[in-house]
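Overview (structure and organization)
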Amino acid sequence: ELEELRRERNRMHAKMTRDRKKLFITSVEKTISDLEEHNKLMRDILAKQALRHSACVTPDLGPMKSNPDAIPAMMTAIAAASRTQDEKEQAKCRAPVVVG
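In this text the structure is predicted, and so the values were computed from the model without any measurement.

Here we look at the overall build of the protein chain
Along the protein chain, the regular secondary structure elements total two helices and zero strands. Long-range pairs, those at least 24 residues apart, make up 71% of the contacts in the protein chain with a sequence separation of at least 6. For the protein chain, the accessible area works out to roughly 8,700 Å², and carbon and sulfur atoms hold 63% of it.

Take a look at the structure:
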């Protein structure tokens, strides 16, 4: 009877350990998913910033000597259209990442 009690206690402990491990793995997977999403968002913002920057500099990376109206209309339109979207994305980036 004592042996049976010990085995039952061991089974319960093993189940709790498996459950705890499952919870830990789920938490790590969620963190990875959140960080991958955040990384994609940051890459998109970086690409847009690079596009804007490339419209404002000469090929040798010096500033344009002409006035800002010389920026091609397409680049200006892209920058204007993405400005509000960038602000929303940057606000998301400032939000703390919750690790559960």
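What about a nonpolar patch on the surface?
A cluster of nonpolar side chains, Phe24, Ile25, Val28 and Ile32, forms an exposed patch at the surface whose accessible area comes to about 350 Å². In this structure Val28 comes out as partly exposed when scored by relative accessible area, which is 32%.

Some remarks on the pattern of salt bridges
In total, this model carries six salt bridges according to the counting rule given. The partner of Arg6 in a salt bridge is Glu3, and the shortest N-O contact between them spans 2.5 Å. One end of the pair is Arg6 and the other is Glu3, both in helix 1 (residues 2-55) and three residues apart, which spans about a single turn. For Glu3, a relative accessible area of 38% puts it in the partly exposed group. Asp34 serves as the salt-bridge partner of Lys30, at 3.0 Å between the closest nitrogen and oxygen. Of this pair, Lys30 and Asp34 are both found in helix 1, four residues apart, which corresponds to roughly one turn of the helix. One network of salt bridges, with partners in common, ties together Glu3, Arg6 and Arg7.

Thresholds applied
Residues numbered from 1 in each chain as written. Predicted model: local features only at pLDDT ≥ 70, side-chain atom pairs only at ≥ 80, totals over all residues. Heavy atoms only, no water. Helix = DSSP H or I, 4+ residues; strand = E, 2+ residues; numbered from the N terminus. Contact = heavy atoms within 4.5 Å. Areas by Shrake-Rupley, 256 points an atom, 1.4 Å probe, with all protein chains shown as cover. Patch = residues over 30% accessible without salt bridge, like charges linked within 9 Å, V, L, I, M, F, W, Y side chains within 5 Å. Salt bridge = Lys/Arg side-chain N within 4 Å of Asp/Glu carboxyl O. Buried < 20%, exposed > 50% of the residue type's maximum accessible area, 1.4 Å probe, protein only.

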